[in-house]
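Overview (structure and organization)
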Amino acid sequence: MLPPDSSIEQTSTWTKYNRRLCDQCQGTCCSLAVEVKASDLLRMEVTDQFELEENPKKIAKRLKKEGLIEHFRQKDGIFTLARMANGDCIYLHPKTRRCTIYPQRPDTCRNHPQVGPRPGYCAFKAKSTP
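Attention in this report is confined to the structure presented alongside it.

What counts and what doesn't
Residues numbered from 1 in each chain as written. Predicted model: local features only at pLDDT ≥ 70, side-chain atom pairs only at ≥ 80, totals over all residues. Heavy atoms only, no water. Helix = DSSP H or I, 4+ residues; strand = E, 2+ residues; numbered from the N terminus. Buried < 20%, exposed > 50% of the residue type's maximum accessible area, 1.4 Å probe, protein only. Contact = heavy atoms within 4.5 Å. Salt bridge = Lys/Arg side-chain N within 4 Å of Asp/Glu carboxyl O. Pairing = 2+ DSSP bridges. Axes fitted to C-alpha atoms, helices over the stretch in contact; angles between N-to-C directions.

Okay, the side chain of T47 next. Locating T47 in the fold gives a position in the loop between α2 (38-43) and α3 (49-52). When its relative accessible area of 8% is taken as the criterion, T47 is described as buried. Contacts of T47, omitting those with residues within four sequence positions, involve A38, L41, L42, L52 and R62.

Here's what the structure looks like:
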């Protein structure tokens, strides 16, 4: 039996994580803000090693202009990936609800749900059936 759907805003409604949930989920976690570091941007191939030697503000300005990030926190060098109008990550495929850069995905995504708003739990929402 599948757990009930949860609200992404109310972590108390989240479901205890189980690896099998991912196959039946609509990628709800991909609506959370995704914070990335420069090393993630390199893995995602949106920057290169040479550019990383530049001022991070300059990189952030370019990535913002290209619509790849929506925010840069200079204090700790954290970039926040851009999202689509519906709140989904720009790298989430709208039909399959799967990550389009899965092998290059950021550490935030690789480590979810072990880290995040409620470690060990996820905002599971079952895929709708046609």
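On we go.
We now examine the pattern of salt bridges. Where charged atoms from two side chains of opposite charge come close, those side chains can pair. Evaluated as defined, the whole model comprises 10 salt bridges. Residues E70 and R83 are paired through a salt bridge, measuring 3.8 Å at the closest nitrogen-oxygen approach. Of this pair, E70 sits in strand β3 (residues 69-73) while R83 is found in the loop between β4 (78-81) and α5 (107-110), placing the two residues 13 residues apart along the sequence. Each member of the salt-bridge network shares a partner with another, and the members are E35, R73 and D76.

Further remarks concern the sheet that holds β4. With antiparallel pairing, 3 strands are arranged side by side in an open sheet as β2-β4-β3. At either end of the open sheet lies a strand with only one pairing partner, and these are β2 (35-36) and β3. Relative to β4, β3 runs antiparallel, the two sharing 4 bridges. When the sheet's bridge partners are listed, F72 is paired in β4 with F79. Sitting on the sheet, helix α4 (residues 56-65) touches β3 and β4, and the angle it makes with β3 is about 165°.

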